[in-house]
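Tertiary structure, described
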Amino acid sequence: MLQLEAYLISGHRQTHLLSLDDTSGYAARPVDDPQLVLPLSLLAGESADVLLRYRSFADTPLLLELFSPSHFEQYSKESFLSNGLVMGILLAFLCVVLLQAFVSPNRIYVFYAGFIICVLLVISDMSGYTLKYLWPDQPSWDNSAPQKLFSLQGLFYALFIVHLLQLKRYSTGLYRCYLAFIAFTLMAFGLSFFIEIAAALRITALAIMPLMLVTIVISVKKKLPAARILAAGLVVHIIFINLLFFLGILGVEVFGHVHLFTYPKVGYVIETLLFAVAISLQNRQLRIEHSENLRHRLAEAEELAHSEMDKRRILERTQDKILQFATTTHDLSQPLSSIRMALEAVDDKQSRAAKAHIDRTLEYAEGLLRTIIREAQSDLSEVQEICELQQVFESILLRHKGHAQKKKLSLRIYDTALRAQVSPILLERILDNLVANAIRYTDKGGVLLGVRHIDARIALSIYDTGHGMEQGLIKRLLNPFEQSGELAAEQTGYGLGLYIVKSLCEKASFELRILSRPGKGSCFTILISRQCLLD
């Protein structure tokens with residue numbers, strides 16, 4: 001209310017009852033009640049007229065009701081109970097959402113909580129609680145608060161819709177429309193604290209309606225996640241909060257004698273409940289997709305391990321054939337050498353020409369055998385895979401450096417010139433999982449990757465300064481889909497990393513060692529036989 005003057009006219013007598021304007025605080029009201037109440041006193045049998053002169057927000061008409069004292073007392077109790085019920089339900093939703101936002105890093109819970117807080121403030125403003133309890137001596141702020149609250153509510157509403165429907169992924173055009181709406185709302189909301197731009201704020205409140213209608217059509221048509229539940233919530237918003245509320249302002253009684261502010265309160269409660277269901281359905285869909293991704297990832301790991309085993313068997317068979325061929329060729333050279341020695345014992349001048357011919361033939365045959373053995377030796381060395389450990393380390397550093405920098409962690413490698421006769425792909429897959437886990441579960445400090453010698457074996461070790469683990473937890477985490485359930489970072493993991501590492505190590509005949517202390521960090525070591533080490 002920006003201005004109100006009330007007069008009681010009885011016959012030729014005119015009595016001034018009330019005068020309020022945008023500088024009148026809550027104390028200026030004649031009755032201590034959240035709603036604006038004007039007491040009237042008439043003599044028995046007396047008739048009178050009440051003259052009101054007012055200027056309201058957006059020039060909306062006043063909704064007047066006449067109560068007897070007993071009826072007004074009953075109305076106040078019912079209004080207080082209904083408002084308490086509505087706000088209690090919304091507060092319960094808010095507590096659950098804030099708890100979920102604290103546990104899960106998903107921003108959708110933050111936007112949903114912001115939307116609920118704005119709804120609570122809007123309902124409080126409608127019921128008159130904000131002026132009575134929050135800013136009783138700031139009437140000018142109370143006059144502009146509804147515009148700002150509706151604008152801020154629309155902002156969180158739009159952010160919630162964008163993330164719930166994943167519009168950036170499924171509908172680029174609609175996503176851009178929401179971005180434009182969000183940008184305009186932010187600008188208008190910010191400027192409203194410095195200049196009078198009530199018209200711009202009203203535009204943001206009205207623009208959300210056609211945007212919601214388009215959202216309903218597109219989301220249902222494209223079968224976006226939780227689209228139907230969200231569409232039901234949007235329909236409730238349009239019907240109760242927009243249509244029925246504005247019809248009530250105009251004096252149209254759609255459902256009989258229902259108070260004007262009942263429609264948005266009911267609409268907000270139903271909408272909040274439907275949005276909670278929509279979030280639940282989206283989370284269920286995401287869990288299904290994550291499960292599918294996990295199964296695919298596990299299948300890929302198993303396939304890689306089997307592929308490496310098959311490759312190793314083929315390499316071993318090829319090596320055996322090459323060695324067999326080389327040894328057979330070597331054995332053939334022995335009788336040729338014997339023939340040469342026998343020829344040296346022959347000293348017949350008549351046989352010198354034949355002896356020279358046989359000698360040249362033997363040299364040629366021995367030369368062929370030496371060539372075959374050298375080629376076999378070369379082929380054998382080519383079949384055996386040579387892994388440059390420094391190249392593997394640098395590849396892992398390059399791939400994970402960005403993630404470590406984002407968490408303000410140091411990621412270092414110790415340079416090495418060692419070479420090993422192992423599969424680079426298999427080794428890189430193992431180290432990749434371990435380094436990714438180390439970064440994920442380390443909040444400060446860093447991660448180090450290096451190589452050393454332990455017990456006549458090559459030891460590739462990853463050190464981190466993370467949370468650390470109990471020994472019993474380590475054994476459990478080596479099983480698939482196992483997590484501690486205590487760390488927020490586990491929300492972005494699947495509980496498969498250590499299981500994949502263990503499986504690949506078993507396939508490659510590597511030994512996996514894990515040393516860890518709670519609060520001190522962990523050390524993951526891959527032990528490879530020194531026979532695989534190359535000079």
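It should be emphasised that the depicted structure is a prediction, and the values quoted were computed from it without experimental measurement.

Thresholds, definitions, all that
- Residues numbered from 1 in each chain as written.
- Predicted model: local features only at pLDDT ≥ 70, side-chain atom pairs only at ≥ 80, totals over all residues.
- Heavy atoms only, no water.
- Salt bridge = Lys/Arg side-chain N within 4 Å of Asp/Glu carboxyl O.
- Helix = DSSP H or I, 4+ residues; strand = E, 2+ residues; numbered from the N terminus.
- Buried < 20%, exposed > 50% of the residue type's maximum accessible area, 1.4 Å probe, protein only.
- Pairing = 2+ DSSP bridges.
- Axes fitted to C-alpha atoms, helices over the stretch in contact; angles between N-to-C directions.
- Contact = heavy atoms within 4.5 Å.
- Core = buried A, V, L, I, M, F, W, Y, C linked by side-chain atoms within 4.5 Å.
- Phe/Tyr/Trp six-rings, centres within 6.5 Å; stacked < 30°, edge-to-face > 60°.
- Parallel < 35°, antiparallel > 145°, perpendicular 65-115°, else oblique.
- Left-handed = near helix turned anticlockwise from the far one by under 90°.
- Nonpolar A, V, L, I, M, F, W, Y, C, P; charged D, E, K, R; others polar.

1. Some thoughts on the pattern of salt bridges
- Under the criterion given, the structure shown has eight salt bridges.
- In this structure, Asp32 engages Lys132 in a salt bridge whose closest nitrogen and oxygen atoms are separated by 3.6 Å. One end of the pair, Asp32, is in the loop between strand S2 (13–21) and strand S3 (49–55); the other, Lys132, is in helix H3 (residues 129–134), with 100 residues separating them in the sequence.
- Since its relative accessible area comes to 56%, Asp32 is described here as exposed.
- Counted as one network, the salt bridges with shared partners bring together Arg399, Glu428 and Asp432.

2. Notes on the sheet that holds strand S1 (residues 3–10)
- With antiparallel pairing, the three strands of this open sheet are ordered in space as S2-S1-S3. Of all strands in the sheet, those bounded by a partner on one side alone are S2 and S3. Each adjacent strand pair in this sheet contributes to an overall mean axis angle of 15°, direction not counted.

3. Topic: unusual backbone geometry
- Located in the positive-phi region is Gln166, a residue other than glycine, with phi close to 50°.
- If you trace the backbone, Gln166 turns up in the loop between helix H4 (139–164) and helix H5 (167–170).
- The phi angle at Lys408 is positive, at roughly 60°, despite the residue not being glycine.
- If you trace the backbone, Lys408 turns up in the loop between helix H11 (389–406) and strand S5 (410–413).

4. Quick look at the sheet that holds strand S8 (residues 457–464)
- Here five strands make up an open sheet; going across it, the order is S5-S7-S8-S10-S9 and the pairing mixed. The open sheet has two edge strands, S5 and strand S9 (511–517), and neither has a second partner. Put simply, the sheet's adjacent strands are angled 20° from each other on average, direction ignored.
- Note: S5 against strand S7 (residues 446–454), four bridges, orientation parallel. By the bridge assignment for S7, Ser410 is matched with Gly446.
- Sheet contacts for helix H12 (residues 424–440): S5, S7, S8 and strand S10 (521–529); angle to S8, the most-contacted strand, approximately 25°.

5. A look at the environment of Leu165
- Structurally, Leu165 is set in the loop between H4 and H5.
- Along the backbone, Leu165 and Lys223 are 58 residues apart, and their C-alpha atoms lie at a distance of 9.9 Å.
- Apart from the residues within four sequence positions on either side, Leu165 is in contact with Tyr170, Thr215, Ser219, Leu224, Pro225, Ala227 and Leu230.

6. Some points on the environment of Ile462
- Within the element layout of this structure, Ile462 appears in strand S8.
- Residues Ile462 and Phe524 lie 62 residues apart in sequence; the distance between their C-alpha atoms is 5.2 Å.
- Ile462 has contacts with Leu431, Leu434, Val435, Ala438, Val447, Leu448, Leu449, Ser522, Cys523 and Phe524, leaving out every residue within four places of it along the chain.

7. Brief notes about the nonpolar core
- Among the nonpolar cores identified, the biggest contains 56 residues, and Ile116, Phe160, Ile161 and Phe275 are the most heavily contacted of them.
- When residues of this core are traced back to their parent elements, those giving at least two are helix H1 (69–103), helix H2 (107–127), H4, helix H6 (172–191), helix H7 (198–221), helix H8 (227–249) and helix H9 (262–345).
- Among the elements that make up this core, the one with the highest residue count is H2 (twelve residues).
- Setting aside residues up to four positions removed in sequence, Ile161 forms contacts with Leu167, Tyr178, Thr215, Leu230, Leu234 and Phe275.
- By size, the runner-up hydrophobic cluster in this structure holds 42 residues, among which are Ile413, Leu427, Leu449 and Ile528.

8. Some points on the packing of aromatic side chains
- For the structure shown, the criterion picks out eleven aromatic pairs.
- The interplanar angle of 25° and the centroid separation of 5.2 Å between the aromatic rings of Tyr112 and Phe160 together place this pair among those described as stacked. With a gap of 48 residues between them, Tyr112 in helix H2 and Phe160 in helix H4 connect regions that are remote in the sequence. Here Tyr112 and Phe160 have matching classes, each one buried.

9. Structural notes on the packing of H11 against H12
- At a minimum axis distance of 10 Å, the contact between H11 and H12 shows a crossing angle of 30°. Regarding the angle of H11 to H12, the classification is roughly parallel. Note on packing geometry: the crossing formed by H11 with H12 is right-handed. Counting all contacts with H11, which are made through Leu389, Val392, Phe393, Ser395, Ile396, Arg399, His400, His403 and Ala404, the residues of H12 involved are Leu427, Glu428, Leu431, Asp432, Val435, Ala436 and Ile439.
- In the contact of H11 with H12, the residues fall into ten nonpolar, three polar and three charged.

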